[in-house]
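# A look at the structure
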Amino acid sequence: MSILNTLSQSLQISVFSAIAIGTTTLYPLAAEAATFNIGGLRFSEAAGDFRLTDGFVQNGTAVLFQEVFGPNVDLSIAIQGMRNLGIAGFRLESVVTNSTGTPWTFYDHELQEVFGVPSPEQDGLSFGQGLRSARPFTSDRFSRVDEVTDVRDFVNFSNGVVNPGETVSFRYVITDLVANNLFYIRQRPNFAPGGTGFVEVPPLPVEPPQPVEPPQPVEPPQPVEPSPPAEPPVPPQPVEPSPPVEPTEPSPPVKPTEPSPPPVSPPIEPDAGDNSTPTAVPEPATVLALLMSSILSRRYLRRAPSSNI
Ligand SMILES: [Ca+2]
């Protein structure tokens, strides 16, 4: 068994159990920086326009959350504590949210013992170089992993895209056989290996906002014609007393009307067919005159003296 394999087994046993029992603590060092204690390892913002947002230990892996704003996407994280913990390495899951306006088609990770200086071969710091059991390194948005086309300690992910607003995760292993107490992880979105450097990725076209249909015009309410002013009440006219009624003169008495003469019966015409001689029939007036004359004669005879006869 080679020294590397022995070291690999030692890392599997001691390193990851050490960070698994640690705690996660946030240390706000300054207004523009944040530090997370993850399993006894201290992660701090060192350079670039990004922010550490959370961190914890999960299944023996240190999980670190970050949000990248830009425009400076040359990002460095300072890590301390490996020597104090007595470990030679640990598993890391780096979870990064793209809050820039540009899609990411590459994502590069690099280790540095000295800030800004690539890690050489003999300094003991690497991504678990030769540790096959820790591979493959994976990402949930990139399918290609390159760590052989450059002379530095790097892991470059490609063949995928992380659009603005999306989050990507990377899983890999870091070892330091010399166990320096401080080193750096440099991360660069859209940085390609092999001397290419940063690639220009056009930002996503911003979709024009959907035209907002203007609201339907609201017909103004029909003007309400003012009602004519109410006529003022008419005061009642005083009622003049009617003049007293003068007594009327009594009407003259109605003269009795004279009785109309009795109807006169027309004389009865003699029957034209009777050729006999009419008989004398005394008229009623003649009879009455004779009767009256008789009566008067009798009275006169009674009063006349008997001698004159
Ligand atoms: Ca190295």
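Residues numbered from 1 in each chain as written. Predicted model: local features only at pLDDT ≥ 70, side-chain atom pairs only at ≥ 80, totals over all residues.

### Structural notes on the overall build of the protein
Helix and strand counts for the protein stand at three helices and 16 strands. The 309 residues of the protein split such that 25% are buried. (Helix = DSSP H or I, 4+ residues; strand = E, 2+ residues; numbered from the N terminus. Buried ≥ 20, exposed ≤ 12 C-beta atoms within 10 Å, placed from the backbone.)

### Observations concerning the pairing of strand 5 (residues 61-68)
In terms of strand pairing, strand 4 (residues 50-58) meets strand 5 through eight bridges, oriented antiparallel. Paired with Gly55 across the bridge in strand 5 is Leu64. Count of turn residues in the strand 4/strand 5 antiparallel hairpin: two residues, of which Asn59 carries a positive phi of about 55 degrees. As judged from the eight bridges shared by strand 5 and strand 7 (residues 89-98), these two strands associate in the parallel manner. Residue pairing across strands places Glu67 opposite Thr97, the latter belonging to strand 7. (Pairing = 2+ DSSP bridges.)

### Description of the environment of Ser119
Structurally, Ser119 is set in the loop between strand 8 (107-112) and strand 9 (125-126). When the C-alpha atoms of Ser119 and Arg152 are compared, they prove to be 6.0 Å apart, with 33 residues separating the residues in sequence. Beyond its immediate stretch of four places on either side in the chain, Ser119 contacts Leu111, Gln112, Glu113, Leu125, Arg152 and Asp153. (Contact = placed C-beta atoms within 7 Å.)

### Considerations on unusual backbone geometry
At the junction of Gly70 and Pro71, the peptide bond is cis and its omega measures out at 5 degrees in the coordinates. Looking at the element boundaries, Pro71 is found in the loop between strand 5 and strand 6 (75-80). Following Arg135, the chain continues to Pro136 via a peptide bond in cis, the omega torsion being 10 degrees. Here Asn59, not a glycine, exhibits a phi torsion of approximately 55 degrees, which is positive. Mapped onto the elements of the fold, Asn59 is located in the loop between strand 4 and strand 5. Positive phi values are uncommon outside glycine, yet Asn159 reaches one of about 60 degrees.

### As for the nonpolar core
A general feature of soluble globular proteins is that nonpolar side chains tend to end up buried together. Ile38, Leu41, Phe43, Ala62 and Leu64 are the most contacted members of the largest nonpolar core, which totals 41 residues. Take this core: its biggest share by element is five residues, from strand 13 (residues 167-176). (Core = buried A, V, L, I, M, F, W, Y, C linked by C-beta atoms within 7 Å.)

### Points about the confidence of the model for the protein
Of the residues in the protein, 65% have a pLDDT of 70 or more, and the chain-wide mean is 79. Across residues 20-30, confidence stays below pLDDT 50; counting only partners more than four residues off in sequence or on other chains, it has 22 contacts. Low pLDDT, under 50, characterises residues 272-279; the stretch is placed with one contact to residues that sit more than four places away or in other chains. (pLDDT = per-residue confidence, 0-100.)

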